[in-house]
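Given next are the chains, with one letter for each unit.
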Amino acid sequence: MGSWPRKYLIGLTGNIGTGKTTVRRMLEDLGAYGIDADDLVRNALDREGSAYGPVMRAFGRKILTRQGAIDHQKLALAVFGDHAELERLEAIVHPLVREEIYRLVAQASYYVVVVEAIKLIEGGLAKECDTVWVVQASQEQQLARVTKSRGMSTAQVTQRIQAQTPQ
């Protein structure tokens with residue numbers, strides 16, 4: 001049994017564009033409670049979010065929109081080409097997201113909880129799961145999915161794939 005009594009925690013991971021969200025939604029349709037770590041990251045980076053201040057102080061005003069919100073494209077440009085900068089961002093964001101995941105799992109009234117997280121293993125959350133599922137896809141599938149769904153260029157997607165742990 002994992003870290004949460006009376007709950008079965010599935011850790012769902014895989015690289016960008018492999019189909020993690022599709023698998024999570026299938027499990028939700030079967031009655032599981034789903035948690036999307038990417039959504040939690042976006043919430044943490046919102047102006048009212050717990051990571052906004054620390055990220056802005058770490059990366060400067062150059063990552064902000066004119067309205068003062070974090071521009072996710074500018075932040076991505078700052079970190080995905082520089083491993084040290086990506087680690088710096090993750091050191092700020094991951095503990096905050098992990099704390100929110102713990103809160104959501106503890107509050108969930110469901111027996112089966114699915115946590116979809118691209119950095120599930122690297123972030124240490126995998127060892128608290130009852131099982132870990134890894135979704136894989138060919139790089140061609142990843143490129144096609146992400147360029148279509150997110151409107152990113154092939155070069156941008158390739159850069160993100162290369163910044164991730166190999167499948």
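In what follows, the structure referred to is the one given above.
Residues numbered from 1 in each chain as written. Predicted model: local features only at pLDDT ≥ 70, side-chain atom pairs only at ≥ 80, totals over all residues. Heavy atoms only, no water.

S.K.: When you look at the environment of Thr-131 in this model, what are you seeing that I'm missing?
M.R.: Here Thr-131 lies in strand β4 (residues 131-134). In this structure, the C-alpha to C-alpha distance between Thr-131 and Asp-71, residues 60 residues apart in sequence, is 35 Å. Apart from the residues within four sequence positions on either side, Thr-131 is in contact with Tyr-8, Leu-9, Ile-10 and Gly-11. (Helix = DSSP H or I, 4+ residues; strand = E, 2+ residues; numbered from the N terminus. Contact = heavy atoms within 4.5 Å.)

S.K.: In this structure, what is going on with the packing of aromatic side chains? I would like to understand it.
M.R.: Within a pair of aromatic rings, the relevant descriptors are the distance that separates the centres and the angle that separates the planes. Taken as a whole and judged by the stated rule, the model has three aromatic pairs. Aromatic side chains Trp-4 and Tyr-102 sit 5.6 Å apart centroid to centroid with 55° between the ring planes, which places their arrangement in the tilted category. On the criterion of sequence distance, the pair formed by Trp-4 in the segment before β1 (8-13) and Tyr-102 in helix α5 (residues 83-107) is long-range, its members being 98 residues apart. When its relative accessible area of 13% is taken as the criterion, Trp-4 is described as buried. (Phe/Tyr/Trp six-rings, centres within 6.5 Å; stacked < 30°, edge-to-face > 60°. Buried < 20%, exposed > 50% of the residue type's maximum accessible area, 1.4 Å probe, protein only.)

S.K.: What exactly am I supposed to notice about unusual backbone geometry here?
M.R.: Leaving glycine out, the prevailing phi sign among residues is negative, and the prevailing peptide bond configuration is trans. Residues other than glycine seldom take positive phi values, yet Arg-6 does so here, at roughly 65°. Judged by relative accessible area, Arg-6 falls into the exposed class, the value being 71%.

S.K.: Honestly, the environment of Gly-68 in this entry has me stumped. Any pointers?
M.R.: Of note, Gly-68 is situated in the loop between α3 (52-59) and α4 (72-79). We classify Gly-68 as buried; its relative accessible area is 8%. Spatially, the C-alpha atom of Gly-68 lies 18 Å from that of Val-41, the residues being 27 residues apart in sequence. Apart from the residues lying within four places of it in its own chain, the contact partners of Gly-68 are Arg-47 and Tyr-52.

S.K.: Mind showing me how you'd approach α4 here?
M.R.: The α-helix winds at 3.6 residues per turn, so residues separated by three or four positions along the chain end up facing the same way. Along α4, the positions that sit buried rather than exposed are Leu-75, Ala-76 and Val-79. Down the axis of α4, the smallest arc covering the buried residues is 100°, so these residues share one side. The inward-facing, buried residues of α4 contact α2 (37-45), α3, α5 and α7 (154-163). A side-chain oxygen of the first residue of α4 lies 2.9 Å from the backbone nitrogen of Gln-73; this N-cap is Asp-71. (Arc of directions from axis to C-beta. Polar contact = N/O pair within 3.5 Å; in protein donor to acceptor, adjacent residues only side chain to side chain.)

S.K.: So what exactly am I meant to see when it comes to the nonpolar core here?
M.R.: A general feature of soluble globular proteins is that nonpolar side chains tend to end up buried together. In terms of nonpolar packing, the biggest core is built from 33 residues, with Val-55, Leu-75, Ile-101 and Val-115 touching the most fellow members. Mapped onto this core, the elements with two or more residues apiece are α2, α3, α4, α5 and β3 (112-116). Sorting elements by how many residues they give to this core places α5 first, with eight residues. Non-local contacts of Val-115, meaning those with residues more than four positions away in its chain, are made with Leu-9, Ile-10, Gly-11, Leu-12, Ile-35, Ile-101, Val-105, Leu-120 and Leu-125. (Core = buried A, V, L, I, M, F, W, Y, C linked by side-chain atoms within 4.5 Å.)

S.K.: Is there a simple way to think about the layout of surface pockets in this case?
M.R.: A water-sized probe rolled over the atoms picks out the places where empty space is left. A volume near 1,300 Å³ is recorded for the largest pocket. Around the largest pocket sit 45 residues that line it, and Asp-38, Val-41, Arg-42, Ile-118 and Arg-150 are the ones nearest its centre. Of all the secondary-structure elements, those providing two or more residues to the lining of the largest pocket are α1 (20-29), α2, α4, α5, α6 (139-150) and α7. Broken down by element, the residue count for the lining of the largest pocket peaks at eight residues, all from α5. In this structure, the second largest pocket occupies an estimated 150 Å³ of space. (1 Å grid on protein atoms, 1.4 Å probe; cavity = no way out; pocket = protein on both sides within 12 Å on 5 of 7 lines; lining within 4 Å. Points joined across faces, edges and corners; volume = space filled by probe spheres on them.)

S.K.: Would you explain the pattern of salt bridges in this entry?
M.R.: Applying the stated rule across the entire model yields seven salt bridges. In this structure, Arg-24 engages Glu-28 in a salt bridge whose closest nitrogen and oxygen atoms are separated by 2.9 Å. In this pair, Arg-24 and Glu-28 are both assigned in helix α1, four residues apart and thus about one turn of the helix distant. When its relative accessible area of 7% is taken as the criterion, Arg-24 is described as buried. For Arg-103, the salt bridge identified is with Glu-100, shortest N-O distance 2.5 Å. Of this pair, Arg-103 and Glu-100 both sit in helix α5, three residues apart, which is roughly one turn of the helix. A relative accessible area of 25% places Glu-100 in the partly exposed class. (Salt bridge = Lys/Arg side-chain N within 4 Å of Asp/Glu carboxyl O.)

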